[in-house]
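Geometric and topological summary
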Amino acid sequence: MDRAQERERMVAETVAAVRRIEGEQGVTREALMAIRAELLALAARSELFPPEDFPSPADGKENRLYALSIDPDKRFALYLNRGSARKDTPPHNHTTWAVVVGVAGEEHNKIYRRPAGDAAGPMAVAEEITVKPGTGVCLLPDDIHSIHMRGEDPKLHLHMYGKAISEMTERVHYDPETGRGEFYPPHPDTR
Ligand SMILES: [Fe+2]
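Let me begin by describing the structure that accompanies this report. All of these numbers come straight from a predicted model, not from anything done at the bench.

1. Here's the deal with the packing of aromatic side chains
- What the rule picks out here adds up to four aromatic pairs.
- Taking the centre distance of 6.3 Å and the plane angle of 40° together, the rings of Phe 49 and Phe 54 count as tilted.
- Phe 49 gets classed as buried once you look at its relative accessible area, which sits at 1%.
- Given the relative accessible area of 4%, Phe 54 is considered buried.
- Grouped by ring-pair contacts, the aromatic residues Phe 49, Phe 54 and Tyr 66 constitute a single cluster.
- Seen from the ring of Phe 76, Arg 75 lies directly overhead, with NZ or CZ sitting 4.2 Å from the centre.

Here you go:
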């Protein structure tokens with residue numbers, strides 16, 4: 001079996017386990033921790049995700065998301081993100097659950113707390129996590145994070161969502177100073 005076939009087999013097994021966990025437990029912090037454990041086991045097989053199979057865009061400025069598996073109904077979407085040299089996203093939600101784990105390199109995450117209710121106001125950083133091999137973050141549909149990429153290439157991370165990025169048509173990005181939200185379009189470089 002060659003590398004691509006083995007990767008496909010392991011991805012299919014992992015996604016099957018994730019479907020099962022969500023089906024049995026629903027979308028809870030505990031379920032996302034169990035999903036993270038499955039994704040960490042997949043990410044530990046880093047020989048299946050060599051940088052040459054997932055090149056970064058030529059300009060090196062933007063990240064690129066490679067779809068590894070998306071269900072026909074656009075649920076359970078697993079991507080490999082090839083990070084860029086330096087990039088900062090605004091704080092944003094996903095309108096579905098999200099789990100990110102490291103295969104190679106570092107992706108710094110800030111997780112924010114919004115003021116109670118819908119009132120706008122400055123957003124506090126509740127937690128900071130550098131996602132690298134062996135670590136990961138779990139986000140419920142309304143949780144808000146931002147991503148900050150620095151340092152060594154290659155940066156490869158598994159990003160899994162409850163639905164495909166193309167379906168995230170209502171996510172919001174926030175100004176952390178004012179807490180005001182605006183429509184955040186789906187990532188343009190997804191393949
Ligand atoms: Fe995100």
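2. Here's the deal with the coordination of the iron ion
- Within the first shell, the iron ion binds the protein through His 92 (NE2), His 94 (NE2) and His 145 (NE2), at distances of 2.1 Å.
- We note that the donor set of the iron ion lies within a single chain, spaced as H-x1-H-x50-H.
- What makes His 94 buried here is its relative accessible area of 2%.

3. A closer look at the pairing of strand β8 (residues 144-149)
- Counting buried positions over the six residues of β8 gives six, a clear majority of the element.
- Alternating positions in β8 separate into two faces, Ile 144, Ser 146 and His 148 on one and His 145, Ile 147 and Met 149 on the other, with burial throughout.
- In the sheet, strand β3 (residues 87-88) pairs with β8 via two bridges, with the strands oriented antiparallel. Its bridge partner lying in β8, Lys 87 is registered against Met 149.
- Bridge count between strand β5 (residues 107-113) and β8: five bridges; the pairing is antiparallel. Its bridge partner lying in β8, Lys 110 is registered against Ser 146.

4. Quick notes on unusual backbone geometry
- Between Asp 153 and the following residue, Pro 154, the backbone shows a cis peptide bond with an omega angle of -5°.
- Within the element layout of this structure, Pro 154 appears in the loop between β8 and β9 (156-163).
- The phi angle at Lys 74 is positive, at roughly 70°, despite the residue not being glycine.
- Take Lys 74: it is sitting in the loop between β1 (64-69) and β2 (75-82).
- One non-glycine residue, Thr 95, lies in the positive phi region at around 60°.

5. Remarks on the sheet that holds β3
- The sheet built from four strands is open, its strands ordered β3-β8-β5-β6 with antiparallel pairing. Both edges of this open sheet fall to β3 and β6 (124-131), since each of them pairs with a single strand only.
- Summarising the sheet, β5 and β6 pair through seven bridges and their orientation is antiparallel. Each bridged residue has a counterpart across the sheet, and for Arg 113 the counterpart in β6 is Ala 124.

6. Details of the pattern of salt bridges
- Counted by the stated rule, this structure contains 11 salt bridges.
- In this structure, the salt-bridge partner of Glu 47 is Arg 45, at a minimum N-O distance of 2.7 Å.
- On the basis of relative accessible area, Glu 47 is assigned to the partly exposed category, the value being 45%.
- One salt-bridge network, in which partners are shared between bridges, spans Glu 6, Arg 9, Glu 13, Arg 45 and Glu 47.

7. Overview of the side chain of Asp 143
- Of note, Asp 143 is situated in the loop between β7 (136-139) and β8.
- The exposure class of Asp 143 is buried, given its relative accessible area of 17%.
- Among the polar contacts made by the side chain of Asp 143, one reaches the side chain of Arg 29 at a distance of 2.9 Å.
- Within the structure, Asp 143 has its side chain in polar contact with the backbone nitrogen of Leu 140 (distance 2.8 Å).
- With sequence-adjacent residues up to four places away left out, Asp 143 is seen in contact with Arg 29, His 92, Asn 93 and Cys 138.

Parameters and conventions
- Residues numbered from 1 in each chain as written.
- Predicted model: local features only at pLDDT ≥ 70, side-chain atom pairs only at ≥ 80, totals over all residues.
- Heavy atoms only, no water.
- Phe/Tyr/Trp six-rings, centres within 6.5 Å; stacked < 30°, edge-to-face > 60°.
- Buried < 20%, exposed > 50% of the residue type's maximum accessible area, 1.4 Å probe, protein only.
- Lys NZ or Arg CZ within 6 Å of the ring centre and 35° of its normal.
- Donors = N, O, S within 2.8 Å, 3.2 Å for Na, K, Ca; no water.
- Helix = DSSP H or I, 4+ residues; strand = E, 2+ residues; numbered from the N terminus.
- Pairing = 2+ DSSP bridges.
- Salt bridge = Lys/Arg side-chain N within 4 Å of Asp/Glu carboxyl O.
- Polar contact = N/O pair within 3.5 Å; in protein donor to acceptor, adjacent residues only side chain to side chain.
- Contact = heavy atoms within 4.5 Å.

Coordinates in, geometry out; function isn't part of it.
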